[in-house]
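One letter stands for each residue in the lines below.
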Amino acid sequence: MSRDLLFAALLLGLAACDNLWLDRMKVQPKLLAYAPSDFYRDGRAMRRPPEGTVSREETLGPPELIEGGADGGLVDRIPLPVDQELLALGRQRFDVTCAACHGLLGDGVSVVASKMALRLPPSLFSEAVRGAPDGRIFRVVTEGYGLMPSYAATLSVRARWAIVAYVRALELSQNAPLALAPPDERRRLEQEASP
Ligand code: HEC
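Q: How should the nonpolar core be read in this particular structure?
A: Where a protein is soluble and globular, its nonpolar side chains tend to be buried together. In terms of nonpolar packing, the biggest core is built from 25 residues, with F94, L155, W161, I163, V164 and V167 touching the most fellow members. Mapped onto this core, the elements with two or more residues apiece are α3 (84-102), α6 (134-143) and α7 (157-174). It is α7 that contributes the most residues to this core, 10 residues altogether. Contact partners of F94, with chain neighbours within four places excluded, come to A99, G103, L104, G106, L124, I163, Y166, V167 and L170.

Q: Looking at this structure, how should I read the environment of Y34?
A: Looking at the secondary structure, you find Y34 in the loop between α1 (3-26) and α2 (63-66). Counting along the chain gives 12 residues from Y34 to M46, while the straight-line C-alpha distance between them is 6.2 Å. The contacts of Y34, once residues within four sequence positions are left out, are M46, T97 and Y151. Engagement of the side chain of Y34 in a polar contact is seen with the side chain of Y151, the distance being 3.4 Å.

Q: Got a minute to help me understand unusual backbone geometry in this structure?
A: Leaving glycine out, the prevailing phi sign among residues is negative, and the prevailing peptide bond configuration is trans. Of note, the phi angle at Y34 is positive, near 70°, even though the residue is not glycine. A positive phi angle, near 50°, is found at D71, a position not held by glycine. With respect to the helices and strands, D71 occurs in the loop between α2 and α3.

Q: Looking at this structure, how should I read the site of the ligand?
A: Close to the ligand lie 21 residues, the nearest being C98, C101, H102, R136 and M148. In the environment of the ligand, a nitrogen atom lies 2.7 Å from a nitrogen or oxygen atom belonging to the side chain of H102. Taking L147, its main chain carries an N or O atom lying 2.9 Å from an oxygen atom of the ligand. Of the pockets mapped on this structure, the ligand occupies the largest pocket. At the level of secondary structure, the elements contributing two or more residues to the shell around the ligand comprise α3 and α6.

Rules behind the numbers
- Residues numbered from 1 in each chain as written.
- Predicted model: local features only at pLDDT ≥ 70, side-chain atom pairs only at ≥ 80, totals over all residues.
- Heavy atoms only, no water.
- Core = buried A, V, L, I, M, F, W, Y, C linked by side-chain atoms within 4.5 Å.
- Buried < 20%, exposed > 50% of the residue type's maximum accessible area, 1.4 Å probe, protein only.
- Helix = DSSP H or I, 4+ residues; strand = E, 2+ residues; numbered from the N terminus.
- Contact = heavy atoms within 4.5 Å.
- Polar contact = N/O pair within 3.5 Å; in protein donor to acceptor, adjacent residues only side chain to side chain.
- Near = heavy atom within 4 Å.
- 1 Å grid on protein atoms, 1.4 Å probe; cavity = no way out; pocket = protein on both sides within 12 Å on 5 of 7 lines; lining within 4 Å.
- Sits in = over half its atoms within 2 Å of the grid points.

If you want it as structure tokens, here you go:
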């Protein structure tokens, strides 16, 4: 066997091993989010970190930032610069975390809602949510609310505020005042509305 051939054979052999290892990693047993599991006593696959655990990545800061309010009050406005980057993060996290129950649009139309008998995940366009200070939505996500669990363990402080920003954008997408439309668009809409 020439040296080149030997080298090629060796490479092929290595590639085969590599695939075997990779395949083993891909097919290892795992549980999907929200799946049932008889391994744990509460029957759920999704786990939380043990009580009191502090993550190395945990954001530290004033209660307005990390709790959504201080001294019994709630912050009115998101205490971070709201830019395109934050909104994109909010959209991504909302779609993954919240949409399963509240719907991709936030209107409460979702598979979970259609199968839930006890209390449906509400639309986020209600007067109650639209009129609430930003800190309230942050707090609902941080602490949970009624039947809705807390998502503080899976969403960073920044991601939670990003979601609040995205919920506000969703609300606007369904209920924007005419004055917010660009002048051209406003004229077109006004013409359409007048007979
Ligand atoms: C597993 C389903 C589920 C998921 C996921 C979920 N929610 Fe909820 N949410 C609910 C339910 C159910 C309620 C009503 C709870 C009650 O009244 O007991 C609720 C209530 C709320 C409320 C309060 C509404 C009001 O009328 O005051 C807000 C705000 C909210 N959710 C936002 C979110 C956001 C943002 C996310 C994503 C981080 C999220 N929810 C994820 C099920 C869910």
